[in-house]
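A look at the structure
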Amino acid sequence: MKIILVSHGKLAKGMKDTVEMIAGKQDNLEAFEAYGSGSEDEGFITEVKQSVAASKEDKVIVVTDVLGGSVNNEMIQLLKDHHNLTLLTGMNLPLIITLVTTVNAQDSEDAILEAIAEGQKGVLSVNKLMGEDDDEGDLL
């Protein structure tokens, strides 16, 4: 299985670097930067298409940064021709770490849903967790 991260700017490459700092080198993890130079350069699309095409026998998971963004919209087009492709959006570190560590080992739809749930659980208000609304006012 291959996991491909694609984002506006440097988010995907930074995410890959961070995941590998935590979980070690990941040969199945790739990252592509869209519009990194501030231009309308769409070379990333060709690179992602080539990577997906090279994995036509294997499952490919593409993760984008934001639903409805230009990067996500471009990746949606890949779904038409690549039935081995799963497209996720809302990239965050808990999601990617779970994909790399759990989904890669289990390779199942349930494992992908578990990774999505982990990503969702990673979005929290720390103020609420620490009880900022309490009358005590002590956060630490």
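All values reported here derive from a predicted model rather than from experimental measurement. (Residues numbered from 1 in each chain as written. Predicted model: local features only at pLDDT ≥ 70, side-chain atom pairs only at ≥ 80, totals over all residues. Heavy atoms only, no water.)

Take a nonpolar patch on the surface next. Taken together, the side chains of Leu124, Val126, Leu129 and Met130 present a nonpolar region at the surface, about 410 Å² in accessible area. Tracing the sequence through the fold places Leu124 in the loop between α5 (109–121) and α6 (126–129). We classify Leu124 as exposed; its relative accessible area is 57%. (Patch = residues over 30% accessible without salt bridge, like charges linked within 9 Å, V, L, I, M, F, W, Y side chains within 5 Å. Areas by Shrake-Rupley, 256 points an atom, 1.4 Å probe, with all protein chains shown as cover. Salt bridge = Lys/Arg side-chain N within 4 Å of Asp/Glu carboxyl O. Helix = DSSP H or I, 4+ residues; strand = E, 2+ residues; numbered from the N terminus. Buried < 20%, exposed > 50% of the residue type's maximum accessible area, 1.4 Å probe, protein only.)

This next bit is on the packing of aromatic side chains. Considering all chains together, one arrives at one aromatic pair under this definition. Seen in terms of ring centroids, Tyr35 and Phe44 are 5.4 Å apart; in terms of plane orientation they differ by 75 degrees. Their pairing is edge-to-face. Judged by its relative accessible area of 17%, Tyr35 is buried. (Phe/Tyr/Trp six-rings, centres within 6.5 Å; stacked < 30°, edge-to-face > 60°.)

Relative to the elements of secondary structure, Asp107 occurs in the loop between α4 (93–106) and α5. According to the relative accessible area criterion, Asp107 is partly exposed, its value standing at 43%. Sequence-wise, Asp107 and Lys59 are 48 residues apart; in three dimensions their C-alpha atoms are separated by 8.2 Å.

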